[in-house]
Amino acid sequence: MHGPVALVTGGAGFIGSHLCEYLLKQGYFVVAMDNLLTGDVQNIAHLYNQPFLFIHHDVTNYIYVDRPVAFVYHLASPASPKDYQVYPIQTLKVGALGTHKALGLALRHRARFLLASTSEVYGDPRVHPQAEDYWGNVNPIGPRGVYDEAKRFAEALTMAYHRVHGIDTKIARIFNTFGPRMRMDDGRAVPTFIVQALRGEPLTVYGDGSQTRSFCYISDMVEGLYRLMMSDYHLPVNLGNPQEMTVLELAELILRLTGSRSRIEFRPLPQDDPRVRQPDITRARSILGWEPRVPLEEGLKETIADFRRRLGLG
Ligand code: NAD
Ligand code: UDP
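Residues numbered from 1 in each chain as written. Chains lettered and ligands numbered in written order. Predicted model: local features only at pLDDT ≥ 70, side-chain atom pairs only at ≥ 80, totals over all residues. Heavy atoms only, no water.

Engineer: Which residues make up the pairing of strand β2 (residues 29-34), and what values do they have?
Structural biologist: By the criterion of burial, β2 is predominantly enclosed, with six of the six residues buried. Side chains Phe 29, Val 31 and Met 33 project from β2 onto one buried face, and the interleaved Val 30, Ala 32 and Asp 34 project onto a second face that is buried too. Pairing of strand β1 (residues 5-9) with β2 involves five bridges; the strand directions are parallel. The partner of Ala 6 across the bridge, within β2, is Val 30. For the crossover that starts at β1, traverses helix α1 (residues 14-25) and ends in the parallel β2, the hand is right-handed. (Buried < 20%, exposed > 50% of the residue type's maximum accessible area, 1.4 Å probe, protein only. Helix = DSSP H or I, 4+ residues; strand = E, 2+ residues; numbered from the N terminus. Pairing = 2+ DSSP bridges. Right-handed = clockwise from strand over helix to strand, strands pointing away.)

As structure tokens, then:
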């Protein structure tokens, strides 16, 4: 016997695979669906002996699941700036067509639905920190537009399904999240700096490193996603760690925690790179009773240990 069925699209990815693990621990039967565009079956291989099913499928095509689905966590999408610039059309398609198919499945099964949206809907924000009622500052035709606009469309479609069909929908605006299992070459700051530090290569800080981000550890994020799914709230909720730092501070912290003697090397700032980013999590605190618990240094230590293992450094 097992509990209700939860479908996780993007289940072979970084956040998706941790969410699958968490849901299995809560007693769910978990169906992970993924086309492995940026994910890896290695992330979920250890789950095959549990009430778990992997379906290799591109969610921009009609989705069929041969059992009653009670919850749909829709995470499928390239997520790092490098990935969505390598796959711009796939990113637009999965945000638009993929979200349509995932909502269609939720409608058919009368399942609860959660969209993994992003802080990128705020673009290069003119309001700081970012609260959910800020509409954002996005360049639709810039290199990041494929991701930002796909997620903005996905949010609009989710609200339309809620209003028209009465689907019980949730929208999580996820801010920068990190942890074990991130792809080493996904180009994001945390894995890039850790790999560079462990290999003794220069850390590539873009611009002068004064742009800010706020990094949330994966276990906190997964719990936030679960609490949001279980809530009765339909409007967007920011999930992230409000502890803000500059990218240069992040690089220096990773040098210290790895004990690396790598240098820092400055490279040109990519176009439309947001200057600042920090979640206002007042809504998550009051509605979900949620806030991050894992301190940044502790999360980074876990992540560094995972990268050491995967790089064969003991
Ligand atoms: P990831 O790349 O590790 O995982 C995404 C997964 O989606 C991958 O396994 C990929 O193969 C799969 N996928 C992509 N297109 C697909 C398609 N058409 N059909 C089926 N599967 C498809 O990225 P992640 O960091 O785990 O991000 C997960 C979700 O969270 C994404 O929707 C992302 O936009 C969102 N998010 C992540 C962050 C973060 O900091 N990690 C921040 C904001 C939002
Ligand atoms: N960044 C950097 N060096 C790198 C990778 C990223 O300085 O090798 C910067 C990037 O320009 C951005 C910040 O780190 O300002 C976070 O980048 P990431 O790709 O992790 O996520 P983003 O928040 O931009 O989506």
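After that view of the structure, there is still more to cover.
Engineer: How would you sum up empty space enclosed by the protein? Please name residues and give values.
Structural biologist: Applying the stated criterion to the full structure yields one cavity of 30 Å³ or more. Counted as a void, the largest cavity has a volume near 40 Å³. Lining the largest cavity are His 74, Ala 76, Ser 77, Val 94, Gly 95, Thr 99, Leu 115, Ala 116, Lys 151 and Ala 154. Sorting the residues of the lining of the largest cavity by element identifies α3 (88-109), β5 (112-118) and α4 (145-165) as the ones contributing at least two each. Here the lining of the largest cavity gets three residues from one element, more than from any other, and that element is α3. (1 Å grid on protein atoms, 1.4 Å probe; cavity = no way out; pocket = protein on both sides within 12 Å on 5 of 7 lines; lining within 4 Å. Points joined across faces, edges and corners; volume = space filled by probe spheres on them.)

Engineer: With reference to specific residues and values, describe the state of the cysteines.
Structural biologist: Within this structure, the stated rule accounts for zero disulfides. Unpaired in terms of disulfides, Cys 216 finds its nearest cysteine sulfur in Cys 20, a separation of 18 Å. (Disulfide = S-S within 2.5 Å.)

Engineer: Describe the nonpolar core, with residues and values.
Structural biologist: Core analysis: the largest hydrophobic core is formed by 61 residues, its most contacted members being Leu 23, Tyr 73, Leu 239 and Leu 300. Each residue touching Leu 300, except ones within four places of it in the same chain, is listed here: Phe 178, Val 190, Leu 250, Leu 253, Ile 254 and Leu 257. Ranked by size, the runner-up nonpolar core spans 25 residues in total, among them Ala 76, Leu 105, Ala 106 and Met 159. (Core = buried A, V, L, I, M, F, W, Y, C linked by side-chain atoms within 4.5 Å. Contact = heavy atoms within 4.5 Å.)

Engineer: Outline the layout of surface pockets, listing residues and values.
Structural biologist: Reported here for the second largest pocket is a volume of approximately 260 Å³. Lining the second largest pocket are 14 residues, and of these Arg 152, Glu 155, Ala 156, Arg 173 and Pro 236 sit closest to its centre. For the lining of the second largest pocket, the secondary structure elements donating two or more residues are α4 and β6 (169-174). For the lining of the second largest pocket, the element with the highest residue contribution is α4, accounting for five residues. Of the residues that constitute the lining of the second largest pocket, the class distribution is nine nonpolar, no polar and five charged. (Nonpolar A, V, L, I, M, F, W, Y, C, P; charged D, E, K, R; others polar.)

Engineer: Break down the site of ligand 2 for me, citing the residues and quoting the values.
Structural biologist: Near ligand 2 lie 18 residues; those nearest to it are Thr 204, Tyr 206, Arg 213, Asp 273 and Arg 277. Side-chain polar atom of Arg 144 to an oxygen atom of ligand 2: 3.0 Å apart, as the coordinates give it. For ligand 2, an oxygen atom lies 2.6 Å from a polar atom in the side chain of Arg 277. Burial of ligand 2 by the protein amounts to 95% of the accessible area it has alone, namely 510 Å². Breaking the shell around ligand 2 down by element, the ones donating at least two residues are α5 (189-199) and β8 (203-206). Residue composition of the shell around ligand 2, by class: seven nonpolar, five polar and six charged. (Near = heavy atom within 4 Å. Polar contact = N/O pair within 3.5 Å; in protein donor to acceptor, adjacent residues only side chain to side chain. Areas by Shrake-Rupley, 256 points an atom, 1.4 Å probe, with all protein chains shown as cover.)

Engineer: Describe the side chain of Ser 117, naming the residues involved and giving the relevant values.
Structural biologist: By the secondary structure assignment, Ser 117 is in strand β5. Ignoring sequence-local partners within four residues, the contact set of Ser 117 consists of Lys 151, Glu 155, Ile 171, Ala 172, Arg 173 and Ile 174.

Engineer: Can you lay out the site of ligand 1 for me, pointing to particular residues and giving the numbers?
Structural biologist: Not every one of the 29 residues close to ligand 1 is listed here, only the nearest: Asp 34, Thr 38, Leu 75, Tyr 147 and Lys 151. Here an oxygen atom of ligand 1 and a backbone polar atom of Phe 14 are 2.8 Å apart. In the model, a nitrogen atom of ligand 1 is placed 2.9 Å from a nitrogen or oxygen of the Asp 58 side chain. Considered on its own, ligand 1 offers 830 Å² of accessible surface; in the complex 96% of this is hidden by protein. For the shell around ligand 1, the secondary structure elements donating two or more residues are α1, β5 and α4. Looking at which element gives the most residues to the shell around ligand 1, the answer is β5, with three residues. Looking at side-chain class alone, the shell around ligand 1 contains 13 nonpolar, 12 polar and four charged residues.

Engineer: Give me the lowdown on the side chain of Arg 213, citing residues and values where you can.
Structural biologist: Within the secondary structure, Arg 213 is located in strand β9 (residues 212-214). Of the polar contacts made by the side chain of Arg 213, one reaches the backbone oxygen of Pro 274; its length is 2.9 Å. Apart from the residues within four sequence positions on either side, Arg 213 is in contact with Asn 176, Gln 243, Glu 244, Met 245, Asp 273, Pro 274 and Arg 277.

Functional significance is not addressed by these values, which are geometric in nature.
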